[in-house]
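# Structural overview
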Amino acid sequence: MDYFIIFITSVTGLYFHGWLYVRIKRWMDRDLALSLAGQDEARRAYMLERLAEARTLGVRRRDLAQWLERAAAEYSVP
């Protein structure tokens with residue numbers, strides 16, 4: 001029974017750390033997109049859409065900053 005408790009506690013801890021790691025990566029990506037958008041609400045929405053597009057296209061994290069910078073440069077005022 002002791003080993004079972006240790007196993008469950010360890011698996012739960014590892015799952016929580018993995019979940020937290022993924023959440024922090026998503027928060028950092030979102031903050032990057034919003035920092036490139038500035039204070040303009042329409043541009044912020046546009047950058048969040050581009051971030052979602054980058055995720056669906058499978059843009060790697062190391063290339064994400066450049067990809068988002070290009071998307072921000074392509075933004076035109078509606």
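Residues numbered from 1 in each chain as written. Predicted model: local features only at pLDDT ≥ 70, side-chain atom pairs only at ≥ 80, totals over all residues. Heavy atoms only, no water.

## Considerations on the environment of Ala45
Rule in force here: Secondary structure counts use DSSP, requiring at least four H or I residues in a row for a helix and at least two E residues in a row for a strand, with both numbered from the N terminus. Think of it in three bands: with a 1.4 Å probe and only protein chains considered, a residue is buried below 20% of the maximum accessible area for its type, exposed above 50%, and partly exposed in between.
Inspection of the secondary structure assignment puts Ala45 in helix 2 (residues 41-57). Residue classification places Ala45 among the partly exposed residues on the basis of a relative accessible area of 37%. Between the C-alpha atom of Ala45 and that of Ala33, which follows or precedes it by 12 residues, the distance is 9.7 Å.

## Here we look at the domain arrangement of the protein
Put simply, the rule reads: For the domains described, the bounds stem from an automatic or database domain assignment. Contact between two residues is taken to exist if any of their heavy atoms lie within 4.5 Å; hydrogens are not considered. Buried area: the accessible area, evaluated with a 1.4 Å probe, that two parts lose upon being put together, summed over both parts. Side-chain atoms alone can form a polar contact between residues adjacent in sequence; in general such a contact is a pair of N or O atoms within 3.5 Å, and within protein one must be able to donate a hydrogen while the other accepts it. Residues are grouped as follows: Ala, Val, Leu, Ile, Met, Phe, Trp, Tyr, Cys and Pro are nonpolar; Asp, Glu, Lys and Arg are charged; every other residue, Gly included, is polar.
Each assigned domain of the protein is listed here: domain 1 (1-38) and domain 2 (40-77). Of note, the centres of domain 1 and domain 2, computed from C-alpha atoms alone, are 24 Å apart. Contacts between domain 1 and domain 2 engage 11 residues on the former and 13 residues on the latter. With both chains or domains summed, domain 1 and domain 2 bury close to 1,100 Å², and 66% of this area falls on carbon and sulfur atoms. By the criterion of area lost to domain 2, the three top residues of domain 1 are Asp29, Leu36 and Ala37, representing 43% of everything that side buries. Applying the counting rule to domain 1 against domain 2 returns two residue pairs in polar contact (both at pLDDT 80 or more). Counted by class, the side of domain 1 that touches domain 2 contains six nonpolar, one polar and four charged residues.

## Notes on helix 3 (residues 61-74)
Under the convention used in this document: The span one expects for a helix is its residue count, reduced by one, times 1.5 Å. In this context, the arc is that of the directions from the helix axis out to the C-beta atoms.
Spanning 14 residues, helix 3 covers 20 Å between terminal C-alpha atoms, matching the ideal 20 Å at 1.5 Å per step. Buried within helix 3 we find Leu64, Trp67, Leu68, Ala71 and Ala72. Projected onto a plane normal to the axis of helix 3, the buried residues spread over an arc of 140 degrees and lie on a single side. Among the exposed residues of helix 3, those pointing more than 90 degrees away from its buried face are Arg62, Gln66 and Ala73.

## Examining the UniProt feature "transmembrane region" (unreviewed entry) in the protein
Operational definition: UniProt positions are given in the numbering used here, feature names are shortened, and annotations may be inferred rather than shown by experiment.
In the numbering used here, UniProt assigns the "transmembrane region" (unreviewed entry) feature to residues 6-22. In the segment residues 6-22, helix accounts for 100% and strand for 0%; the C-alpha atoms at its two ends are 24 Å apart.

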